[in-house]
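Working through the structure, step by step
Now for the letters of each chain:
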Amino acid sequence: MSLRGSPIEQTVTLPDGGEVLIRVGVPDNGYLPRKELDTVDVELFMDGRHVAVVNTVLTAEQESEARQLAREIAVGLESGALEPTAGAIEPLADQPR
């Protein structure tokens, strides 16, 4: 499997009680089939809507690294060290693993 067909998803609870779904995977693209894409995004959802999207330096084959990235973001969000914004998660998404 790869992140094309099996994105990493994790739901976390923020300090204020809100929930955020973290999704790390190859995004939907209306122009190209997923099998042709290697871009991996981190997406954050609250109440069913996007609140943040950033590209990562990961490739679609880096499943364990994507899992590690999702865990790092989850820990930061749960502790309050990270806000559920693109600016807050982008530095983590830009780090090679």
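All of the points below concern the structure found in this document. Remember, predicted model here, so these are calculated numbers, not experimental data.

**Things to note about the nonpolar core**
Counting 27 residues, the largest nonpolar core has Val20, Ile22, Val24, Val42, Leu44, Ile73 and Leu77 as the members making the most contacts within it. When residues of this core are assigned to their parent elements, the largest contribution, six residues, is made by helix 1 (residues 63–79). Once residues lying within four places of it in the same chain are set aside, the contact partners of Leu44 are Val20, Leu21, Ile22, Arg49, His50, Val51, Ala52, Ile73, Leu77, Pro84, Thr85 and Ile89.

**Quick word on the pattern of salt bridges**
Where charged atoms from two side chains of opposite charge approach closely, those side chains can pair. All chains considered together, the criterion is met by five salt bridges. Notably, a salt bridge pairs Asp38 with Arg4, separated by 3.3 Å at the nearest N-O pair. In this pair, Asp38 sits in the loop between strand 2 (19–25) and strand 3 (41–46) while Arg4 sits in the segment before strand 1 (8–13), placing the two residues 34 residues apart along the sequence. In this structure Asp38 comes out as partly exposed when scored by relative accessible area, which is 36%. Each of Arg4, Asp38 and Glu61 takes part in a single network of salt bridges with overlapping partners.

**Overview of helix 1**
Taking 1.5 Å per residue, 17 residues should reach 24 Å; helix 1 reaches 24 Å between its end C-alpha atoms and fits that length. Every buried residue belonging to helix 1 is among Ala66, Leu69, Ala70, Ile73, Ala74, Gly76 and Leu77, and all of these are buried. Taken end-on, helix 1 shows its buried residues confined to a sector of 165 degrees, consistent with a single buried face. Exposed and oriented more than 90 degrees from the buried face of helix 1 are Val75 and Ser79. Those residues of helix 1 that are buried lie in contact with strand 1, strand 2, strand 3 and helix 2 (86–93). Once helix 1 ends, the next one or two residues include Gly80, with phi positive near 90 degrees.

**With respect to the sheet that holds strand 3**
Across the sheet, four strands lie side by side as 1-2-3-4; this open sheet has antiparallel pairing. Single-partner strands in this sheet number two, and they are strand 1 and strand 4 (49–55). The sheet shows a mean angle of 20 degrees between the axes of neighbouring strands, direction not considered. Pairing of strand 1 with strand 2 involves six bridges; the strand directions are antiparallel. Along strand 2, the bridge assignment pairs Gln10 with Ile22. Most of the contacts of helix 1 go to strand 1, to which it runs at about 10 degrees, and overall it touches strand 1, strand 2 and strand 3.

Analysis parameters
- Residues numbered from 1 in each chain as written.
- Predicted model: local features only at pLDDT ≥ 70, side-chain atom pairs only at ≥ 80, totals over all residues.
- Heavy atoms only, no water.
- Core = buried A, V, L, I, M, F, W, Y, C linked by side-chain atoms within 4.5 Å.
- Buried < 20%, exposed > 50% of the residue type's maximum accessible area, 1.4 Å probe, protein only.
- Helix = DSSP H or I, 4+ residues; strand = E, 2+ residues; numbered from the N terminus.
- Contact = heavy atoms within 4.5 Å.
- Salt bridge = Lys/Arg side-chain N within 4 Å of Asp/Glu carboxyl O.
- Expected span 1.5 Å × (residues − 1).
- Arc of directions from axis to C-beta.
- Pairing = 2+ DSSP bridges.
- Axes fitted to C-alpha atoms, helices over the stretch in contact; angles between N-to-C directions.

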